[in-house]
Amino acid sequence: PIIIKYSDSVNKDYNRSNIIAVIVGGDPDISVGIDSATVYISGSAGEVTVKIVNKGLPDMKFVNVYLAKSDKYRIASPAEVYIGNIDSDDYETADFKLYVGGTSDKKVMLPLTVEYKDANNKDYTKIVDLELPLYSSSEAKKLGLVKGNGKFSWLFVLILALGGYFAYRRWKKHKKHN
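Presented here is a report on the structure given in the accompanying data block. Just so you know, these numbers come straight off a predicted model, no measurement behind them.

As for a negative patch on the surface
Among the surface-exposed residues, Asp59, Asp87, Asp89, Asp90 and Glu92 lie close enough to one another that they form a single negatively charged patch. Here Asp89 shows up in the loop between strand S7 (80-86) and strand S8 (90-100).

Below you can see the structure in the form of structure tokens.
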């Protein structure tokens, strides 16, 4: 509250009282990173989940996320995701479906733009390059990121079935002679 006392030119006294509000805040402090991915090998498709964290005091409003096009991958989902509001000390995610083309690179850079407003409707833009690691098929299997193709399992079952068949024939043949 604020009280203002003053007099006019004829010495008449006046009192005015008002309430003044001060907006306390600062610049938003955000962190952007890859939360999860199902794309591990070049020449494959999957989903990349991007996490936007509001570490700052003011809330983020009208958050919009854009993934730029690249010759290293194709975007199989919308390249723009509207998130809405992110409260202070909170986060939201955006999902993108990608097909990573055949490349020998160990990583693919994902150029991401985050646009938002603060509590005073001031516009902000943050541009980040997110690094999506890529692995060879054998590396991805060793790390448990992808399952094997099952060829050895089927080969084992086939050998076991053939062994069982020949054992049965031998047993039946032996039974006939006795």
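A word on unusual backbone geometry
Of note in the backbone geometry, Asn11 takes a positive phi value of approximately 65° without being a glycine. Within the element layout of this structure, Asn11 appears in the loop between strand S1 (2-7) and strand S2 (13-18). Judged by its relative accessible area of 64%, Asn11 is exposed. A positive phi angle is found at Asn121, which is not glycine, with a value near 65°.

Some thoughts on the sheet that holds strand S9 (residues 107-117)
In space, the 4 strands of this open sheet follow the order S7-S5-S9-S10, with antiparallel pairing throughout. Edge positions in the sheet fall to S7 and strand S10 (123-133), since each has one partner strand and no second. Pairs of neighbouring strands in the sheet enclose a mean axial angle of 25°, with direction left out of account.

What about the pattern of salt bridges?
Proximity of charged atoms lets side chains of opposite charge pair with each other. Per the counting criterion, the structure on display carries 3 salt bridges. The partner of Glu47 in a salt bridge is Lys97, with the nearest N and O atoms 3.8 Å apart. Within this pair, whereas Glu47 is found in strand S4 (residues 44-54), its partner Lys97 is found in strand S8, the two being separated by 50 residues in sequence. Judged by its relative accessible area of 28%, Glu47 falls in the partly exposed class. Lys97 gets classed as partly exposed once you look at its relative accessible area, which sits at 43%. Asp123 is the salt-bridge partner of Lys117, the closest N and O atoms lying 2.6 Å from each other.

Rules of the game
Chains are numbered independently. Their residues run from 1 in the order of the written sequence. Per-residue local features are limited, in this predicted model, to residues with pLDDT of at least 70; the limit for side-chain atom pairs, both in listing and counting, is 80 or more; totals at the level of whole chains, interfaces and linings are taken over all residues. Calculated side-chain values reflect all of the structure's heavy atoms, with hydrogen atoms and water omitted. Like-charged residues within 9 Å of one another, or nonpolar side chains (Val, Leu, Ile, Met, Phe, Trp, Tyr) within 5 Å, are grouped into patches, provided each residue has over 30% relative accessible area and no salt bridge. Throughout, the Shrake-Rupley method with a 1.4 Å probe supplies accessible areas, and for residues the shown protein chains are the sole cover considered. We define a salt bridge as a side-chain nitrogen of Lys or Arg found within 4 Å of a carboxyl oxygen belonging to Asp or Glu. Only four residue types enter the tally: Lys and Arg on the positive side, Asp and Glu on the negative side; His and the chain ends are excluded. Charge positions come from single atoms, namely NZ of Lys, CZ of Arg, CG of Asp or CD of Glu. For helices the rule is a DSSP run of H or I covering at least 4 residues; for strands it is a run of E covering at least 2, with both sets numbered from the N terminus onward. Accessible area is worked out with a 1.4 Å probe on protein chains only. A residue is then buried under 20% of its type maximum, exposed over 50%, and partly exposed in between. Each pair of strands is called paired provided DSSP finds at least two bridges between the two strands. Helix axes are fitted to C-alpha atoms over the stretch in contact, other axes to C-alpha atoms as well, and angles between N-to-C directions run from 0 to 180 degrees.

Function cannot be read off these values alone, since they describe shape.
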